[in-house]
Amino acid sequence: MELKKCPSCGEVLDSFLSKCPSCAYEIRGKAANRVISDIEKKVESVRADYEVRIANATKTNDRSRLKLDQYDAIRNVITSIPVPTTKEDLIEVISYCYPKRWTAVSGPAYKAKYQECLSKLEMLAIEDPSLQAVVNNFKEKVSSEDKKIWKMVAFIGIPLFVFILILVIYGK
């Protein structure tokens, strides 16, 4: 049997324990923290690298092209990070990616990583029905947000379309 130490109090623990008997610290997988840390470090590294390249570019076209390359590199970092395997780690990565799905540059990559982790969590929920509530909660949040966005698009888009149509018809 493998032994490990509690990160909170230092007590030696059996490897199968999920909570320290001395201080009640919850032992979690470390993959999520590693995945999140990897994403943040690599994204920051890409940003720093491209900031230097952009600053050294002499032409406006070169700077514009480098900015687009930077965005692609950031998206590639996010999508290429491996997905964790434990349910706790999956939930943490999902929770990390969820609010970042709407960022301008990297939103689609975070959304893809979010969906990838949610799909994996859904597969684990087949054997652990208690996870299905977590999966459903995330899905309901996304569905609710999507509905709000479509309402906003309709609220703004339809009057704008009518206004443009009137301009086109009566502007001649």
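To be clear, the structure that these remarks concern was listed above.
For every chain, the first residue of the written sequence is number 1, and numbering continues from 1 onward in sequence order. Residues qualify for local features only when their pLDDT is at least 70, as the model is predicted, and side-chain atom pairs are given and counted only at 80 or more; totals for whole chains, interfaces and linings, by contrast, use all residues. To obtain the side-chain values, all non-hydrogen atoms of the structure were included, while hydrogens and water were left out.

Student: Can you help me understand helix α5 (residues 130–170) in this one?
Tutor: Structurally, the α-helix is built with 3.6 residues per turn, so residues lying three or four positions apart point the same way. The secondary structure listing takes helices from DSSP runs of H or I that are at least 4 residues long and strands from runs of E that are at least 2 residues long, numbered from the N terminus. By this rule, a helix spans an expected 1.5 Å times one less than how many residues it contains. In this model, α5 (41 residues) spans 61 Å end to end at C-alpha, consistent with the 60 Å of a helix rising 1.5 Å per residue. Residues of α5 that are buried sit in contact with α3 (87–97) and α4 (107–127). In what follows, residue pairs with any heavy atoms lying within 4.5 Å of each other are defined as contacts.

Student: Would you mind showing me how to read the side chain of Lys113 here?
Tutor: Among the structural elements, Lys113 can be located in helix α4. Separated by 2.4 Å, the side chain of Lys113 and the backbone oxygen of Ile81 make a polar contact. Non-local contacts of Lys113, meaning those with residues more than four positions away in its chain, are made with Ile78, Thr79, Ile81, Val83 and Cys97. Distance and chemistry together define a polar contact, namely a pair of N or O atoms within 3.5 Å, with one atom able to donate a hydrogen and the other to accept it when in protein, and with adjacent residues in sequence counting only for side-chain atoms on both sides.

Student: Can you walk me through the state of the cysteines in this structure?
Tutor: Formally, a disulfide is one covalent bond, and it connects the sulfur atom of one cysteine to the sulfur atom of another. Note that a disulfide, as used here, is simply two cysteine sulfur atoms within 2.5 Å. In the structure shown here, the tally under the stated rule is zero disulfides. Free of any disulfide, Cys97 has its nearest neighbouring cysteine sulfur in Cys117, separated by 6.0 Å.

Student: Could you clarify how one ought to interpret the nonpolar core in this entry?
Tutor: Nonpolar side chains tend to gather and get buried jointly when the protein is soluble and globular. To define a nonpolar core, start from buried Ala, Val, Leu, Ile, Met, Phe, Trp, Tyr and Cys residues and group those joined through side-chain atoms within 4.5 Å. Here the term buried applies to any residue with accessible area under 20% of the maximum for its type, exposed to any over 50%, and partly exposed to those in between, with areas from a 1.4 Å probe on protein chains only. If you look at the biggest cluster of nonpolar residues, it comprises 32 residues, and the most contacted ones within it are Ile39, Ile78, Ile94 and Tyr114. Mapped onto this core, the elements with two or more residues apiece are α1 (31–56), α2 (60–80), α3, α4 and α5. Sequence-distant contacts of Ile39, that is, excluding residues within four places in its chain, are made with Val77, Ile78, Ile81, Tyr96 and Tyr110.

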